Amino acid sequence: MRSTGLSAVHYLLPPAGKMTELETLVNPPQEVFEEIVKLTSETEDWAFQLGDYQFWSKNFDQFWLFTIVEKGTGLGKPLFKKVMDIVGDHNATLTGVVKMSAKYASDFGFDKVPEHWHLFSSLKCADVVIPDKVSEKYTTKLWSDVDYEALTAYDRTICVRDRKKMMTNWFNLPDTFTRVVFDESGKIVGFSTIRLVSKNKMSPAPFYADNLEAAEVLLKDLLNMIPNWQQYASFGFLHPECNKDPLKLLEKFAKNKESVTSAVFIRSQFTKKLIPTPDQKVYALADCAHQFHVFNYKLI
């Protein structure tokens, strides 16, 4: 079942040697999520749409957002335990940042991991130059002009889960642009969404393509359909380290290669079984930040 209402649990926890009353909110009001957006923007440079919370709660079959209202030390572990109590014996996954990955594996059993990390590679819009010419082998269409069953079938080559409902609602979010790329035979070879998010950024996620040529056409057509895209600060790809094409794609759209920044960011981690993905098609993940985070606390 999915928890849909607001619930609160009051309890005492002794952070920093003193007793403090805390409140645990499960699926809190929208304003609490907006405070999370503000905090993650300031501390982690993450960017969201304020409607993301409603999207998650309506589109995931089982959804719980846990928050603890009170600053202190040592609050992360009881919060994490509440999450894992719900998970039970099911296979669970999270995206572990570099500093926390080993602890998630050793202390909480998230030790089924791929050999690679995910990088975040980004480019400031001021440094973008859209190529005059890209491959003529590929063309794009608006997602709404595409045979949706064929698009869903392509998505199943990326993810074994049927995401038709989720994809439809994602594409229909405000300030969201989605195109599908085809080869010369009319076969779908990729699709991507670009969303306008907080911090004046653009978020191209997800972004899938069978090859770099198709990805170039897709990115060019997406940027060209966004009004005044030059006014935004930046955009970037959260991509598998083993796939070098996303970095090459950004470099092709940059004034110079030095304009592109890239850093190790996260790692996919599972408790029971690693679920593989076709990494050479994955140029950008979506929704990685919708997992576990502790602000100003220590997970001890």
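Residues numbered from 1 in each chain as written. Predicted model: local features only at pLDDT ≥ 70, side-chain atom pairs only at ≥ 80, totals over all residues. Heavy atoms only, no water.

The name an unreviewed UniProt entry gives the protein chain is YitH/HolE acetyltransferase (GNAT) domain-containing protein, with Caenorhabditis latens as the organism.

Asker: Before we move on, can you summarise the overall build of the protein chain with the specific residues and values?
Answerer: Scanning the protein chain from N- to C-terminus turns up eight helices and twelve strands. Within the protein chain, buried positions represent 48% of all 300 residues. Contacts spanning at least 24 positions in sequence make up 73% of the contacts within the protein chain whose residues lie at least 6 apart. Just so you have it, the protein chain exposes about 15,300 Å², and 53% of that area is on carbon and sulfur atoms. (Helix = DSSP H or I, 4+ residues; strand = E, 2+ residues; numbered from the N terminus. Buried < 20%, exposed > 50% of the residue type's maximum accessible area, 1.4 Å probe, protein only. Contact = heavy atoms within 4.5 Å. Areas by Shrake-Rupley, 256 points an atom, 1.4 Å probe, with all protein chains shown as cover.)

Asker: Which residues make up the sheet that holds strand S8 (residues 188–197), and what values go with them?
Answerer: With antiparallel pairing, five strands are arranged side by side in an open sheet as S6-S7-S8-S9-S12. Each edge of the sheet is formed by a strand with only one pairing partner; in this case those strands are strand S6 (139–142) and strand S12 (282–284). When strand polarity is set aside, the average angle formed by the axes of neighbouring strands in this sheet is 20 degrees. In terms of strand pairing, strand S7 (residues 176–182) meets S8 through seven bridges, oriented antiparallel. Among the inter-strand pairings, Val180 is bridged to a residue of S8, identified as Phe191. Against the sheet, helix H7 (residues 212–225) engages S6, S7, S8, strand S9 (201–209) and S12, with an angle of about 145 degrees to S7. (Pairing = 2+ DSSP bridges. Axes fitted to C-alpha atoms, helices over the stretch in contact; angles between N-to-C directions.)

Asker: Give me the lowdown on the side chain of Arg179, citing residues and values where you can.
Answerer: Checked against the element boundaries, Arg179 lands in strand S7. In this structure, Arg179 is buried with no salt-bridge partner, the nearest side chain bearing the opposite charge being Asp221 at 4.5 Å. A polar side-chain atom of Arg179 sits 2.8 Å from a polar atom in the side chain of Thr140. If sequence neighbours within four positions are ignored, Arg179 has contacts with Thr140, Lys141, Leu142, Trp143, Phe191, Ser192, Leu218, Asp221, Leu222 and Met225. (Lys, Arg positive; Asp, Glu negative; His and termini not counted. Salt bridge = Lys/Arg side-chain N within 4 Å of Asp/Glu carboxyl O. Polar contact = N/O pair within 3.5 Å; in protein donor to acceptor, adjacent residues only side chain to side chain.)

Asker: So, the packing of helix H2 (residues 52–59) against helix H6 (residues 164–171): which residues are in play, and what are the values?
Answerer: Across the interface, H2 lies against H6 with an axial gap of 10 Å and an inter-helix angle of 160 degrees. On the basis of the axis angle, H2 is roughly antiparallel to H6. The chirality of how H2 crosses H6 is right-handed. On the side of H2, the interface is formed by Phe55, Lys58 and Asn59, while H6 contributes Lys165, Met166, Asn169 and Trp170. Of the residues in the contact of H2 with H6, the class split is three nonpolar, two polar and two charged. (Parallel < 35°, antiparallel > 145°, perpendicular 65-115°, else oblique. Left-handed = near helix turned anticlockwise from the far one by under 90°. Nonpolar A, V, L, I, M, F, W, Y, C, P; charged D, E, K, R; others polar.)

Asker: Which residues make up the confidence of the model for the protein chain, and what values do they have?
Answerer: Scored by pLDDT, the protein chain has a mean of 85; 86% of the residues are at 70 or more. Taken as a whole, residues 1–16 scores under 50 in pLDDT and shows 53 contacts with residues more than four places along the chain or in a different chain. (pLDDT = per-residue confidence, 0-100.)

Asker: Please set out the environment of Ser234 residue by residue, giving values where relevant.
Answerer: If you trace the backbone, Ser234 turns up in strand S10 (residues 234–240). Assessed through its relative accessible area of 14%, Ser234 is described here as buried. The spatial distance from the C-alpha of Ser234 to the C-alpha of Lys124 is 4.0 Å, given a sequence separation of 110 residues. Excluding residues within four positions of it along the chain, Ser234 makes contact with Leu123, Lys124, Cys125, Asn200, Lys201 and Met202.

Asker: Could you give me a rundown of the packing of aromatic side chains, with the residues and numbers involved?
Answerer: In the structure shown here, the tally under the stated rule is 15 aromatic pairs. Note on Phe33 and Phe48: the rings are 6.0 Å apart at their centroids and 80 degrees apart in plane angle, and the pair reads as edge-to-face. With a gap of 15 residues between them, Phe33 in helix H1 (residues 30–44) and Phe48 in the loop between H1 and H2 connect regions that are remote in the sequence. Of the two residues examined, Phe33 and Phe48, each falls in the buried class. One aromatic cluster in this structure is built from Trp143, Tyr148, Tyr154, Phe171, Phe191 and Tyr208. A cation over a ring is seen here: Lys141 above Phe182, with NZ or CZ 5.3 Å from the ring centre. (Phe/Tyr/Trp six-rings, centres within 6.5 Å; stacked < 30°, edge-to-face > 60°. Lys NZ or Arg CZ within 6 Å of the ring centre and 35° of its normal.)

Asker: Report on the pairing of S7, specifying residues and quantitative values.
Answerer: On a regular strand, one side chain projects to one face of the sheet and the next to the other, so that they alternate. With seven of seven residues buried, S7 lies mostly within the body of the structure. Across four bridges, S6 lies against S7 in antiparallel orientation. Of the residues in S7, the one forming a bridge with Thr140 is Val181. If you look at the hairpin formed by S7 and S8, you'll find five residues sitting between the two strands, and Gly186 has a positive phi there, around 90 degrees.

Asker: If you had to explain unusual backbone geometry to someone new, which residues and values would you point to?
Answerer: With an omega dihedral of 0 degrees, the bond running from Ala205 to Pro206 counts as a cis peptide bond. Within the secondary structure, Pro206 is located in strand S9. If you check the backbone angles, Lys199 has positive phi at about 65 degrees while not being a glycine. Mapped onto the fold, Lys199 is located in the loop between S8 and S9. Even without glycine at this site, Asn228 takes up a positive phi of about 50 degrees. Residue placement: Asn228 occurs in the loop between H7 and S10. Judged by relative accessible area, which is 55%, Asn228 ranks as exposed.

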